[in-house]
Amino acid sequence: TMRVALARLLLVVIAFSLIWLVRSGITWLLTKPLARLLRRSGQAHDETLHRIVSLPVNYLLLALGIDLGARILEIDSAGMGFVVNLTRTLIIVAIAMTLYRLIEVLALSRRQVFVLTGLAIDEALLPFVRTGVKLIVLALALVIIIQEWGYDVSGLIAGLGLGGLAISLAAQDTLANIFGFAAMVSDRPFVVGEYVKTKDVEGVIEKVGLRSTRVRQLDQALVAVPNSMLASSAILNWSRLAKRRIDITLGVNYSASADDMSELLSRLRAMLTERETVDPESVVVYFIDFGESSLHVLIRCYVNIADWVAFTAEKERILLDIMRVVEGVGLQIAFPSRSIYIENLGSALNLSEQALSNGAVEP
């Protein structure tokens, strides 16, 4: 009997040794179909394949070795039941790890997801969907393992429901930020690199995370804004302007006659309409008011330049051309001034002399 037990132990050791020796060949065989799948997505390389397959293969071979060892040792039915549950658990873990790592490295495009599932998902939502699928894989694996060991899953789920309610109340801010991230990704009010402005922050978007979005302000300070706050705010995206507006009021000196003003308005309209960067349909040039110190001319137009620096340079050129048009007509741009008319010059001189004699005003 002692010799039989030793022989069986020796067979178990030999079986584990053989399984350990052939693990590389089994890994290679399993990577062949996986390599074809990854080549279609442009991600087939040895490191990726080894990372996906190596550890799950070890779990599968460990389950095989435990099962063979139990059968060689001819353990009793109670022990065999434990071994069966253990081996099944290892197989489930291996399958779940394979799916988890495959989802992690397999970057499906929007078109590929539509072909596989028939669902049209925005490209920016794919990382969020990938995270959700991984959580589903882990949850299913956990439920199946619990069932394999004979526990009541329904009672556990009910307990987890109460615990989940408590956790959700404690982590409501985090959940709000995650849902804010989903809303922003689906609506796409901005992407990384765009310049935005809200009531709380203004700057360039550097990173959009699950919990917060990082914004680089003009003073180069980095601000982390919770996604829930951004999702509930009005967002002004300056980077998505197709054109920018020029809106100025030109003041012309009161020495201008009606004919001079008509000539000025005509030349201004022609100058703006003929300009390549200006939308001709948007040109507005009108004499709108008699101001306190000038005649007011309203000038409005859209410039087909979205970039702020380029627009500012073009606006400078337009303003200089406006000055040249004014000078070409023989007019002057007015500055704030006020004229005082004295009806009785003699009375004014007497008042000045009295003020000098009383010392109120220095000569």
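What you are looking at is a predicted structure, and each value in this text was computed from that prediction instead of being measured.

Definitions and limits used
Residues numbered from 1 in each chain as written. Predicted model: local features only at pLDDT ≥ 70, side-chain atom pairs only at ≥ 80, totals over all residues. Heavy atoms only, no water. Helix = DSSP H or I, 4+ residues; strand = E, 2+ residues; numbered from the N terminus. Areas by Shrake-Rupley, 256 points an atom, 1.4 Å probe, with all protein chains shown as cover. Expected span 1.5 Å × (residues − 1). Buried < 20%, exposed > 50% of the residue type's maximum accessible area, 1.4 Å probe, protein only. Arc of directions from axis to C-beta. Contact = heavy atoms within 4.5 Å. Polar contact = N/O pair within 3.5 Å; in protein donor to acceptor, adjacent residues only side chain to side chain. Core = buried A, V, L, I, M, F, W, Y, C linked by side-chain atoms within 4.5 Å. Phe/Tyr/Trp six-rings, centres within 6.5 Å; stacked < 30°, edge-to-face > 60°. Lys NZ or Arg CZ within 6 Å of the ring centre and 35° of its normal. Pairing = 2+ DSSP bridges. Axes fitted to C-alpha atoms, helices over the stretch in contact; angles between N-to-C directions.

Visitor: Can you walk me through the overall build of the protein in this structure?
Guide: Counting its regular elements, the protein contains 12 helices and 8 strands. Of the accessible surface of the protein, which amounts to about 23600 Å², a share of 61% is contributed by carbon and sulfur atoms.

Visitor: Looking at this structure, how should I read helix α11 (residues 308–329)?
Guide: Every α-helix winds through 3.6 residues per turn, so residues three or four apart in the chain are directed the same way. Given a rise of 1.5 Å per residue, 22 residues ought to cover 32 Å, and the 32 Å separating the end C-alpha atoms of α11 matches this to within 8%. The complete set of buried residues in α11 reads F311, E314, I318, I322, V325, V326 and V329. Along the long axis of α11, the arc covered by the buried residues comes to 125 degrees, so they all point the same way. Relative to its buried face, α11 has exposed residues pointing more than 90 degrees away, namely V309, E316 and E327. On its buried face, α11 sits against β6 (244–252), α10 (258–273) and β8 (295–303).

Visitor: For this particular structure, what's the right way to read the side chain of R275?
Guide: When you line up the elements, R275 lands in the loop between α10 and β7 (284–290). Only 2.6 Å separates the side chain of R275 from the side chain of E314, close enough to count as a polar contact.

Visitor: In this structure, what is going on with the nonpolar core? I would like to understand it.
Guide: As a rule of thumb, nonpolar side chains are buried together in soluble globular proteins. Counting 27 residues, the largest nonpolar core has V252, L264, L268, V297 and I299 as its most contacted members. Only β6, α10, β8 and α11 provide two or more residues apiece to this core. For V252, the contacting residues outside a window of four places in its chain are M261, L264, S294, L295, V297, L331, Q332 and A334. Core analysis: the next-biggest nonpolar cluster, separate from the first, contains 8 residues, M184, V196, V201 and L230 among them.

Visitor: Sorry if this is basic, but what is going on with the packing of aromatic side chains here?
Guide: The description of two aromatic rings rests on the distance between their centres and on the angle between their planes. Counted by the stated rule, this structure contains 2 aromatic pairs. Residues F287 and F290 carry aromatic rings whose centres are separated by 5.3 Å and whose planes lie at 80 degrees to one another, so their mutual orientation is edge-to-face. F287 gets classed as partly exposed once you look at its relative accessible area, which sits at 32%. Just above the ring of Y302 sits the side chain of K243; from NZ or CZ to the centre is 4.9 Å.

Visitor: Can you walk me through the environment of V204 in this structure?
Guide: Inspection of the secondary structure assignment puts V204 in strand β2 (residues 202–208). Take V204: its relative accessible area is 31%, and that puts it in the partly exposed class. Between the alpha carbons of V204 and F190 there is a distance of 9.9 Å; along the sequence they are 14 residues apart.

Visitor: I would appreciate a short explanation of the sheet that holds β6 in the present structure.
Guide: The antiparallel open sheet is built from 3 strands, whose spatial order is β6-β8-β7. Here the strands that pair on one side only, and so sit at the sheet edges, are β6 and β7. Along the sheet, successive strands turn relative to each other by an average axial angle of 20 degrees, direction set aside. Packed onto the sheet, α10 meets β6, β7 and β8 and runs at close to 150 degrees relative to β7.

Visitor: Would you explain the sheet that holds strand β3 (residues 212–216) in this entry?
Guide: Pairing is antiparallel across the open sheet formed by 5 strands, whose spatial order is β4-β3-β2-β1-β5. Where the open sheet ends on each side, the last strands, each with one partner, are β4 (222–226) and β5 (236–237). Looking at chain direction, strand β1 (residues 195–197) and β5 are connected through 2 bridges and run antiparallel. Its bridge partner being in β5, K197 is matched across the sheet by L236.

On their own, these measurements won't tell you what the molecule is for.
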